[in-house]
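Below are the chains, spelled out letter by letter.
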Amino acid sequence: MPSRYGFYGLLYLDAATSGGVNLARRADAIDTYLRCAATCHASFAAQDEAFSLITNDAALVRARLDALGCGTIGVVEIPFQAVVPPGTPFYAAHFKLDVLRAFARGDLEAHVGLVDIDCVLQRPLALSDALSVYEISEQIYPAYGIARVRADLERIAGIAVERPLWFGGEFIAGPSERFRTLTQAIDACLPRYVGALDALHHVGDEMVVTAAIHRAMADGLAVDDLGSGNPERGAQIVRWWSSRTYHRQVSFTDAATCAILHLPSDKGFLAAQVGKAPDPGRFLRDYEAMFRRKRRGLRVQRLLDRMLRRPDRRVAEI
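For clarity, every value in this text was computed on a predicted model and none was experimentally measured.

Enquirer: Is there a simple way to explain the side chain of Asp225 in this structure?
Expert: In this fold, Asp225 is placed in strand S8 (residues 223–225). The exposure class of Asp225 is buried, given its relative accessible area of 17%. Here Glu135 takes part through its backbone nitrogen, which lies 3.0 Å from a polar atom of the side chain of Asp225. Ignoring any residue separated from it by four or fewer positions in sequence, one finds Asp225 in contact with Val133, Tyr134, Glu135 and Arg233.

What follows is the structure, given as structure tokens:
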């Protein structure tokens with residue numbers, strides 16, 4: 001049974017796109033991103049969920065989707081306004097803030113969600129009327145330290161943060177009124193963020209939105225963490241890297257039980273799924289086989305790092 005939500009991915013096209021975040025340099029970035037979006041769309045469609053692509057150039061996106069044989073994806077164009085200078089790290093990701101504002105205005109459905117296009121949906125989501133988010137603090141603390149994260153959040157949020165949490169940018173959903181509350185907090189945080197770009201441990205939409213969520217929660221905003229492992233429903237989303245990380249990841253076997261798999265280091269694999277019939281079992285088997293091959297090289301790299309006394313980065317278990 002479909003939910004009442006409309007889900008959206010973002011692809012903002014400009015010169016920065018050619019850089020490709022977590023994307024092999026040799027790949028054609030736009031087509032690879034569009035193929036990822038097609039795979040994401042197919043996974044949502046298989047669960048009878050609506051997924052469309054938001055962009056700043058609908059004509060170009062529709063033309064490329066048609067050329068790639070992926071023309072069934074809905075495409076929506078909305079206005080965008082840059083809030084950081086070109087060349088800022090994760091420049092294009094900042095345009096997620098415009099999507100959140102469109103959600104808040106009610107320009108789209110009454111219940112909406114923003115999903116990164118390198119995600120796949122394996123089973124239906126269980127969403128409440130709170131703002132559904134994905135808390136990933138344990139993935140951030142090992143790299144930057146909790147004290148640094150807290151200091152930066154307090155600097156941007158403009159409030160004391162007793163328990164610093166970090167929220168991933170790959171998924172956020174809720175009724176439009178929750179987004180109205182959130183965007184009010186974003187607007188309060190944004191001037192401090194722009195003024196501190198050179199001093200923060202992280203630059204990108206996650207920094208602004210995480211600080212804004214803290215500020216909004218202090219004013220009573222209800223949030224629901226989909227990654228918390230609620231005993232009644234289990235963790236519904238996971239960000240899982242097939243590359244080495246400073247934090248300890250859950251095994252792939254455990255990650256594979258989540259409703260949404262976010263695979264940021266595997267855009268090439270996701271793009272290659274276009275044209276294959278949606279089949280979660282087959283997808284997971286193919287992904288595991290790919291990771292087993294990749295994992296051998298990662299383990300050798302980790303041994304070399306230890307021999308050279310470089311910072312240790314972990315390799316996930318299967």
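Now that the structure has been shown, the text picks up again.
Enquirer: Would you take a moment to explain the sheet that holds strand S9 (residues 237–239) for this structure?
Expert: Across the sheet, which stays open at both edges, the 3 strands sit in the order S5-S10-S9 with mixed pairing between neighbours. The sheet terminates laterally at strand S5 (119–121) and S9, the two strands that pair on one side only. For this sheet, the mean inter-axis angle between neighbouring strands, taken without regard to orientation, is 10 degrees.

Enquirer: Quick question: what am I supposed to make of the packing of helix H5 (residues 146–157) against helix H6 (residues 176–194) here?
Expert: For any two helices packed against each other, the geometry is given by the interaxial angle and the distance between the axes. The interhelical angle for the contact between H5 and H6, taken along N-to-C directions, is 115 degrees, at an axis separation of 7 Å. In this structure, H5 contributes Arg155, Ile156 and Ala157 to the contact, and H6 contributes Cys189, Arg192 and Tyr193.

Enquirer: What should I look at first to understand the pattern of salt bridges in this one?
Expert: When their charged atoms lie close together, side chains carrying opposite charge are able to pair. Using the criterion set out here, one finds 16 salt bridges in the structure. One salt bridge connects Glu317 with Arg295, and the closest N-O pair in it is separated by 2.9 Å. Of this pair, Glu317 sits in the segment after helix H10 (280–307) while Arg295 sits in helix H10, placing them 22 residues apart in sequence. The buried category is assigned to Arg295, whose relative accessible area is 12%.

Enquirer: Even after reading the chapter, I still don't get the nonpolar core, so can you show me in this structure?
Expert: It is characteristic of soluble globular proteins that their nonpolar side chains tend to be buried jointly. Grouped together as the largest cluster of nonpolar side chains are 104 residues, with contacts concentrated most on Phe171 and Tyr193. With residues near it in sequence (within four places) discarded, Tyr193 still touches Val84, His94, Ile156, Leu200, Val203, Gly204, Met207 and Val208.

Enquirer: Would you mind showing me how to read empty space enclosed by the protein here?
Expert: Where empty space is left in the structure can be found by rolling a water-sized probe over the atoms. Taken as a whole and judged by the stated rule, the model has 1 cavity of 30 Å³ or more. Each pocket or cavity is described by its volume, and for the largest cavity that value is around 100 Å³. The set of elements that each furnish at least two residues to the lining of the largest cavity consists of helix H3 (96–105), strand S7 (171–175) and helix H7 (205–218). If you tally residues by element for the lining of the largest cavity, the top one is H7, at 4 residues. When grouped by side-chain class, the residues that make up the lining of the largest cavity number 9 nonpolar, 2 polar and 3 charged.

Enquirer: Would you mind going over the packing of aromatic side chains with me for this structure?
Expert: The description of an aromatic ring pair uses the distance of the two centres, along with the angle that the planes make with each other. Following the criterion strictly, the structure yields 17 aromatic pairs and no others. Aromatic pair Phe283 and Tyr287: ring centres 6.5 Å apart, planes at 15 degrees, arrangement stacked. Placement of the pair is Phe283 and Tyr287 together in helix H10, with a separation of 4 residues, close to one helical turn. Judged by relative accessible area, which is 8%, Phe283 ranks as buried. One aromatic cluster in this structure is built from Trp240, Phe252, Phe269, Phe283, Tyr287 and Phe291.

Reading the values: the criteria
Residues numbered from 1 in each chain as written. Predicted model: local features only at pLDDT ≥ 70, side-chain atom pairs only at ≥ 80, totals over all residues. Heavy atoms only, no water. Helix = DSSP H or I, 4+ residues; strand = E, 2+ residues; numbered from the N terminus. Buried < 20%, exposed > 50% of the residue type's maximum accessible area, 1.4 Å probe, protein only. Polar contact = N/O pair within 3.5 Å; in protein donor to acceptor, adjacent residues only side chain to side chain. Contact = heavy atoms within 4.5 Å. Pairing = 2+ DSSP bridges. Axes fitted to C-alpha atoms, helices over the stretch in contact; angles between N-to-C directions. Salt bridge = Lys/Arg side-chain N within 4 Å of Asp/Glu carboxyl O. Core = buried A, V, L, I, M, F, W, Y, C linked by side-chain atoms within 4.5 Å. 1 Å grid on protein atoms, 1.4 Å probe; cavity = no way out; pocket = protein on both sides within 12 Å on 5 of 7 lines; lining within 4 Å. Points joined across faces, edges and corners; volume = space filled by probe spheres on them. Nonpolar A, V, L, I, M, F, W, Y, C, P; charged D, E, K, R; others polar. Phe/Tyr/Trp six-rings, centres within 6.5 Å; stacked < 30°, edge-to-face > 60°.

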